[in-house]
Amino acid sequence: MEPRPQSASVTEMTEYVLPQHTNALGNVFGGQIMAWLDLCAAICAQRHSGKMAVTAFVDDLKFEQPVRVGEVVRLEARVTATFHTSMELEVQVEGENAMTGRRWPCVTSRLTFVCIDEAKRPSPCPPLVLDTDEVRASQAAGEARRASRLSSRK
């Protein structure tokens, strides 16, 4: 398979927080953030693989600061490592006050997606182009996290 650059699949999404997205305190439901996060990651995974890709694992999900009704949620997903039939992605989520431009961290998460063929079976994943020190370090760190995940499942 032809390796693909990390930059080719970076995915950005912007969501406006409406009352139906919030809890009684006026903050976005954690589940709503998780749905947007999964959607952003799925688009990124499919851009990278050129195939259908499905969520297999959510590694980390740390809520840092809330986003309130009337504010904006910004998401950015990138492939951090690739394996035989799967890939790890990182999604950064920020809150934004559109009127002032102030931004703050909301959630950082890592997810694993599996590439799926037409028969709905796992399928090979294109490797990342390891063209910068940052991407090489990202791949190595992803491999270490994957080894840790796999060893903890036994």
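Residues numbered from 1 in each chain as written. Predicted model: local features only at pLDDT ≥ 70, side-chain atom pairs only at ≥ 80, totals over all residues. Heavy atoms only, no water.

*Asks:* What is the right way to look at helix α1 (residues 30-49) in this model?
*Replies:* Since the α-helix packs 3.6 residues into each turn, any two residues three or four apart lie on the same face. With 20 residues, α1 extends 28 Å between its outermost C-alpha atoms, agreeing within 8% with the 28 Å of an ideal straight helix rising 1.5 Å per residue. Taken residue by residue, α1 has I33, W36, L37, C40, A41, A42, C44, A45, H48 and S49 as its buried positions. Buried positions along α1 lie against β1 (11-16), β2 (52-63), β3 (72-82), β4 (86-96) and β5 (103-116). Downstream of α1 by one or two residues, G50 has phi in the positive range, about 70°. (Helix = DSSP H or I, 4+ residues; strand = E, 2+ residues; numbered from the N terminus. Expected span 1.5 Å × (residues − 1). Buried < 20%, exposed > 50% of the residue type's maximum accessible area, 1.4 Å probe, protein only. Contact = heavy atoms within 4.5 Å.)

*Asks:* Which parts of the structure should I look at to understand the pattern of salt bridges?
*Replies:* As a working rule, side chains carrying opposite charge can pair if their charged atoms are close by. Throughout the structure, instances matching the rule amount to ten salt bridges. The partner of E88 in a salt bridge is R145, with the nearest N and O atoms 2.7 Å apart. In this pair, E88 sits in strand β4 while R145 sits in helix α2 (residues 133-152), placing the two residues 57 residues apart along the sequence. A single salt-bridge network, built from bridges that share partners, covers D59, E88, R145 and R149. (Salt bridge = Lys/Arg side-chain N within 4 Å of Asp/Glu carboxyl O.)

*Asks:* For this particular structure, what's the right way to read the sheet that holds β3?
*Replies:* In a beta sheet, neighbouring strands pair by backbone hydrogen bonds and run either parallel or antiparallel. The five strands are arranged β1-β3-β4-β5-β2 in an open sheet whose pairing can be described as antiparallel. In this open sheet, the two strands that pair with only one neighbour each are β1 and β2. Pairwise comparison of adjacent strand axes, ignoring direction, gives a mean angle of 25° for this sheet. Of the strands in this sheet, β1, β2, β3, β4 and β5 are in contact with α1, which crosses β3 at around 45°. Its contacts with the sheet put α2 on β2, β3, β4 and β5, and the angle it makes with β3 is roughly 85°. (Pairing = 2+ DSSP bridges. Axes fitted to C-alpha atoms, helices over the stretch in contact; angles between N-to-C directions.)

*Asks:* Can you help me understand the nonpolar core in this one?
*Replies:* Membership of the largest hydrophobic core comes to 30 residues, with the highest contact counts inside it found for I33, V73, L75, M87, V91, V93 and F113. Elements that contribute at least two residues to this core include exactly α1, β3, β4 and β5. The biggest single contributor to this core is α1, with eight residues. The residues touching I33, leaving out its near neighbours within four places in the chain, are V28, F63, V73, V93, C106 and V107. (Core = buried A, V, L, I, M, F, W, Y, C linked by side-chain atoms within 4.5 Å.)

*Asks:* Mind showing me how you'd approach the state of the cysteines here?
*Replies:* Formally, a disulfide is one covalent bond, and it connects the sulfur atom of one cysteine to the sulfur atom of another. Evaluation of the coordinates by the stated rule reveals zero disulfides. Here C40 stays free of any disulfide, with the sulfur of C44 as its closest cysteine sulfur at 7.1 Å. Residue classification places C40 among the buried residues on the basis of a relative accessible area of 0%. (Disulfide = S-S within 2.5 Å.)

*Asks:* In this structure, what is going on with a nonpolar patch on the surface? I would like to understand it.
*Replies:* A contiguous nonpolar surface patch, about 330 Å² in accessible area, is contributed by M34, V58, L61 and F63. By residue number, the principal contributor to the nonpolar patch is β2, which donates three residues. Relative to the helices and strands, V58 resides in strand β2. What makes V58 partly exposed here is its relative accessible area of 44%. (Patch = residues over 30% accessible without salt bridge, like charges linked within 9 Å, V, L, I, M, F, W, Y side chains within 5 Å. Areas by Shrake-Rupley, 256 points an atom, 1.4 Å probe, with all protein chains shown as cover.)

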